[in-house]
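Structural overview
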Amino acid sequence: MAVPPLGMIRALLLRYVLPAVAAVLLVALIGVPALDRLLTDWFRADVQLRARLVMTSIGEPLGALLDKSDTGDARAYLSRVAGDERLLGFIVCGPHAGRVLSTAAMPSVVRCGESDTAGADKSSTLLRTPSGLVEVSRFELRTPAGAAYTVLLAHDLSFIARRRTTARYLALAAIVAAAAALALLAALAVRLVLNRSMRQLLGDISRRRFLDDAESPLETRPVLRRVRQLLSELEAKQRLEIDFRENWTPQALQQVVREQLGSGPILVVSNREPYIHNAGTDGVPEVQVPASGMVTAMEPVMRACSGSGTWIAHGSGDADRLVVDAHDHLRVPPEEPSYVLRRVWLSPEEEAGYYYGFSNEGLWALCHLAYVRPEFREADWQQYVGVNEKFAAVTAQESSTDDPVILIQDFHLALLPQLVRARRPHATIAMFWHIPWPNAETFGVCPWKRELLLHMLSADILGFHTLYHCQNFLETLDRFIECNVNHESMRVTLRRHVCRVRAYPISIEWPPHWLARAPAPAAARAAVVKRFNLVPDVRIGVGVERWDFTKGIIERFRALEALFDKYPKWRGRVSFLQVAAPSRSKLPAYQTLQRHTLAELSRINERFARNGWVPIILVPQHQEPREVFELYRAADFCLVNSLHDGMNLVAKEFVAAREDEEGVLILSTFAGASRELVEALLINPFDVPETAAAIVAALEMPREQRRLRMRLMRRTLGENNVYRWAGRMLMDVARIRQRQQLADWMETG
Ligand code: GDG
């Protein structure tokens, strides 16, 4: 049997038992003497009435007998009358208080004269005798002959004491019983109120309303207010613990998953897969890690949650089908498999409409303020809906439990929260939006804005990189959707479902595992100089991107042109290496960008190149991560001048790659990363001269300053790594699940 905790026992004693005992004592102290008095008075009144009756009936015969001067007959007569068990006897007194006669059992304290009485009433006196209380009643008697006598009747009152004792016991028993009943009733009432409050509370929790609405009528119920307050405090404490946990490692994340989420599966759903198999030159499938910030971030998280994860993604490689099993499963990473990759197949039409069309020409252009007009076509939208349905069906199929944890990644799958919720109502769904969320006016041009927003709100958590993106999202809801938006707590209630909007700044693994076999910075520099045929002692700048119009590659080239124009001393002394991994090359906007980039590259290089020195070297192919990290380690500066970027992980990777504390980061203020990496040289990418000046500042920065900036940024990143990003989100997921579980328990009794 479970032993109740001491605190609970103490609370019970203080709240119920002690007040009940006090009430009993109070009633006993005041009530029992009062009851005694009351009983005595009642019985005396009874006895006096009885005495009067006796006297009325014996007055005449007694007078006649006394007139005969025969006291013997009168005594005999009175003795017969006194046979009653309570009537002790009679005394007949003469005119001068002399005793005329007395019956046998009359107590000696009863006398004809003034008696030692306890009562003030002359007609009735209470006497204490050794055998108990005696009530003496006096009556004047006038005989038929006119003689005057006083007749004293003594009644035994000892029965009052007996009855009083019995009554005391009964009264005490009644008081104790009443107090116990009252205490019980009070406890039952409290329990009833608590139960009802808890049920309401848990009903609210199950409908995701609890803690969600500061103006809620819950505020008016004290019990709920207290519970609400306690839960808030607990949450705040947990959040603080997470925020101050500096050393986020894969093990720490694993621990969070194990302790907070149990052994249940975690499903990650994204468009891009973490490993792509393409047919190699000899026909053997070759594995490639795609150039994708989402993959860079999620992959280490999946490895850390090893054993409990399945990643569902589009199988986009031309050899992808060759390496999966009958269930389209494959265990990855190839070198050390630790989780399952489930591939989803799309037809060319689906890919064209859903991926290239609606996702990239529509949403990507819509959400980035890079001044590329978004394209919205009905046919693309239909494909987008169809593919989201397909992903939802696969997700449901891969959920081995009723209540899986599902982490949906990015704008390609915006409809998934609702489509999955319809199939798995008890799932805990978190969706992370990897790109910026624009302001309401900008988003408002999307013809299917309402559908997108409504579907997204079925998630339990919607994550963005920055608070600014969260606020834009909430304002967009305010503008276009009928729902309750609480801007302070960042909770949105729609049809009793609560969706929490949160900023989770994404990051990279720390340290990146690619560094384990990376050459030392000096060796990396030598390798890069050799690989790209650079002039000796040249200062190296790098840019690593998907070839995307949001990344500011052309503006970057123009800033380099401005550098060589305005600061000619740097001609021949700086080369810039730009990796541009081809991306979405089928789309006109990307083809135009590529043409434009190549044209600017030729123009600038033709202007300045001399004696084997080339100002800008473009690497227009996908590079292996190992090569990317070699570049980072070889560079004197890294230029990240995105026109608009959710976070930008290249900036973070560059910092992570420089444990030698060398190298300068130049970073766009329009990249989410600029909120954290404040020691970078921050620039407006649209301001070409400013960017050129930043390059000069980077090249001329004193060593100590370089090192201090890098050290500070490395400290920030070490703390805010991707395990922290995932850990915070999963802790929030766990909290939602625990509350749901509590609500379910209460509902099922
Ligand atoms: C989206 C958001 C957000 C690049 N070229 C190659 C290559 N990369 C890798 C980089 C880096 C990743 O791709 C790019 O990450 P970013 O964060 O810079 O950008 P997006 O892909 O646009 O990512 C972005 C991110 O999602 C995460 O939420 O930060 O704002 O736009 O890891 O190293 N990798 C390889 N070869 C290349 O040629 N292997």
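Above: the structure in question.
Attention in this report is confined to the structure presented alongside it. (Residues numbered from 1 in each chain as written. Predicted model: local features only at pLDDT ≥ 70, side-chain atom pairs only at ≥ 80, totals over all residues. Heavy atoms only, no water.)

Let's talk about the environment of Gly317
As for its position among the elements, Gly317 is in the loop between β9 (309–314) and β10 (329–332). Assessed through its relative accessible area of 10%, Gly317 is described here as buried. For the pair Gly317 and Cys446, spaced 129 residues apart in sequence, the C-alpha separation works out to 31 Å. Discounting residues that sit within four places of it in the chain, Gly317 has contacts with Glu273, Ile276, His277 and Asn278. (Helix = DSSP H or I, 4+ residues; strand = E, 2+ residues; numbered from the N terminus. Buried < 20%, exposed > 50% of the residue type's maximum accessible area, 1.4 Å probe, protein only. Contact = heavy atoms within 4.5 Å.)

Focus on the pattern of salt bridges
As enumerated under the stated definition, the model contains 36 salt bridges in all. Between Glu135 and Arg44 there is a salt bridge; the shortest N-O distance is 2.6 Å. With a gap of 91 residues between them, Glu135 in strand β4 (residues 132–142) and Arg44 in helix α1 (residues 6–67) connect regions that are remote in the sequence. The same class applies to Glu135 as to Arg44, namely buried. Between Glu350 and Lys390 there is a salt bridge, with its nearest N and O atoms 3.0 Å apart. Remark: Lys390 occurs in helix α8 (residues 378–398) and Glu350 occurs in helix α7 (residues 348–367); sequence separation between them is 40 residues. Its relative accessible area of 16% is what places Glu350 among the buried residues. Residues participating in the shared-partner salt-bridge network are Arg558, Glu561, Asp565, Glu600, Arg603 and Arg607. (Salt bridge = Lys/Arg side-chain N within 4 Å of Asp/Glu carboxyl O.)

Section: the side chain of Thr395
Turning to its location among the elements, Thr395 is positioned in helix α8. The class of Thr395 is buried, set by a relative accessible area of 0%. Those residues in contact with Thr395, other than ones at most four positions away along the chain, are Leu267, Val269, Ile312, Ile406 and Val420.

Here we look at the sheet that holds strand β1 (residues 87–93)
The strand order β2-β1-β5-β4-β3 describes an open sheet built from five strands, whose pairing is antiparallel. Single-partner strands in this sheet number two, and they are β2 (99–102) and β3 (124–129). The average angle at which neighbouring strand axes cross in this sheet is 25°, direction not considered. Sheet topology note: the β1/strand β5 (residues 148–156) ladder contains six bridges and is antiparallel. Residue pairing in the sheet places Phe90 in a bridge with Leu153 of β5. Against the sheet, helix α2 (residues 71–81) touches β1 and β2, its axis set at about 45° to β2. (Pairing = 2+ DSSP bridges. Axes fitted to C-alpha atoms, helices over the stretch in contact; angles between N-to-C directions.)

As for the state of the cysteines
Tallied over the entire structure, the rule returns one disulfide. In this structure Cys483 is a free cysteine whose sulfur lies 9.4 Å from that of Cys499, the closest cysteine sulfur available. (Disulfide = S-S within 2.5 Å.)

Structural notes on the site of the ligand
With respect to spatial proximity, 27 residues lie near the ligand, and among them Thr296, His434, Gln623, Asp645 and Glu653 are the closest. The backbone of Gly293 places a nitrogen or oxygen atom 2.9 Å from an oxygen atom of the ligand. When contributions to the shell around the ligand are tallied by element, the ones reaching two or more residues are α6 (293–304), β18 (539–546), β19 (574–581), α16 (625–634) and α17 (649–657). Grouping the constituent residues of the shell around the ligand by class yields 13 nonpolar, nine polar and five charged. (Near = heavy atom within 4 Å. Polar contact = N/O pair within 3.5 Å; in protein donor to acceptor, adjacent residues only side chain to side chain. Nonpolar A, V, L, I, M, F, W, Y, C, P; charged D, E, K, R; others polar.)

Here's the deal with the nonpolar core
Ranked by internal contacts, the top residues of the largest apolar core, which has 183 residues, are Trp433, Leu452, Phe473, Phe637, Leu665 and Trp725. At ten residues, the largest contribution of residues to this core is made by helix α20 (residues 722–747). Contacts of Phe473, omitting those with residues within four sequence positions, involve Trp437, Leu453, Met456, Leu457, Leu462, Phe464 and Val501. In terms of nonpolar packing, the next biggest core, distinct from the first, is built from 20 residues, Val54, Leu62, Leu66 and Val151 among them. (Core = buried A, V, L, I, M, F, W, Y, C linked by side-chain atoms within 4.5 Å.)

Thoughts on the pairing of strand β22 (residues 664–668)
Counting buried positions along β22 gives five out of five residues, so the element sits mostly inside the fold. Of the two faces of β22, the one carrying Val664, Ile666 and Ser668 and the one carrying Leu665 and Leu667 are both buried. Where strand β21 (residues 637–640) meets β22, four bridges bridge the pair, whose relative direction is parallel. Opposite Leu639, over in β22, you have Ile666 as the bridge partner. Taken together, β21, α17 and β22 form a β-α-β motif whose crossover is right-handed. (Right-handed = clockwise from strand over helix to strand, strands pointing away.)

Considerations on the packing of α7 against α8
Packing of α7 against α8 leaves a shortest axis separation of 8 Å and a crossing angle of 110°. Put simply, α7 runs roughly perpendicular to α8. For the crossing formed where α7 meets α8, the hand is left-handed. For the pair α7 and α8, the contacting residues are Glu349, Glu350, Gly353, Tyr354, Gly357, Phe358, Ser359 and Leu363 in the first and Asp380, Trp381, Gln383, Tyr384, Val387, Asn388, Lys390 and Phe391 in the second. In terms of residue class, the contact of α7 with α8 is built from seven nonpolar, five polar and four charged. (Parallel < 35°, antiparallel > 145°, perpendicular 65-115°, else oblique. Left-handed = near helix turned anticlockwise from the far one by under 90°.)

Digging into the packing of aromatic side chains
Within the structure shown, the criterion is met by 27 aromatic pairs. Note on Trp381 and Trp448: the rings are 5.1 Å apart at their centroids and 5° apart in plane angle, and the pair reads as stacked. Here Trp448 lies in the loop between α10 (440–443) and α11 (449–456) and Trp381 lies in helix α8, a separation of 67 residues in the sequence. One exposure class covers both Trp381 and Trp448, and it is buried. Taking 5.9 Å as the distance between ring centres and 80° as the angle between the ring planes, the aromatic pair formed by Trp437 and Phe464 counts as edge-to-face. Of the two residues, Trp437 is situated in the loop between β13 (428–432) and α10 and Phe464 in strand β14 (residues 461–464); the sequence distance between them amounts to 27 residues. For the pair formed by Trp437 and Phe464, the shared burial category is buried. An aromatic cluster is present here, built from Tyr354, Phe358, Phe376, Trp381, Tyr384, Phe391 and Trp448 joined pairwise through their rings. A cation over an aromatic ring shows up here: Arg86 above the ring of Phe159, its NZ or CZ 4.2 Å from the ring centre. Stacked on the ring of Trp364, the Lys or Arg Arg584 has its end atom at 4.2 Å from the ring centre. (Phe/Tyr/Trp six-rings, centres within 6.5 Å; stacked < 30°, edge-to-face > 60°. Lys NZ or Arg CZ within 6 Å of the ring centre and 35° of its normal.)

A short note on α11
For α11, the tally of buried residues reaches six of eight residues, placing the bulk of the element in the interior. Turning to α11, its buried residues are Lys449, Leu452, Leu453, Leu454, His455 and Met456.

Function-wise, these values are silent; they only describe arrangement.
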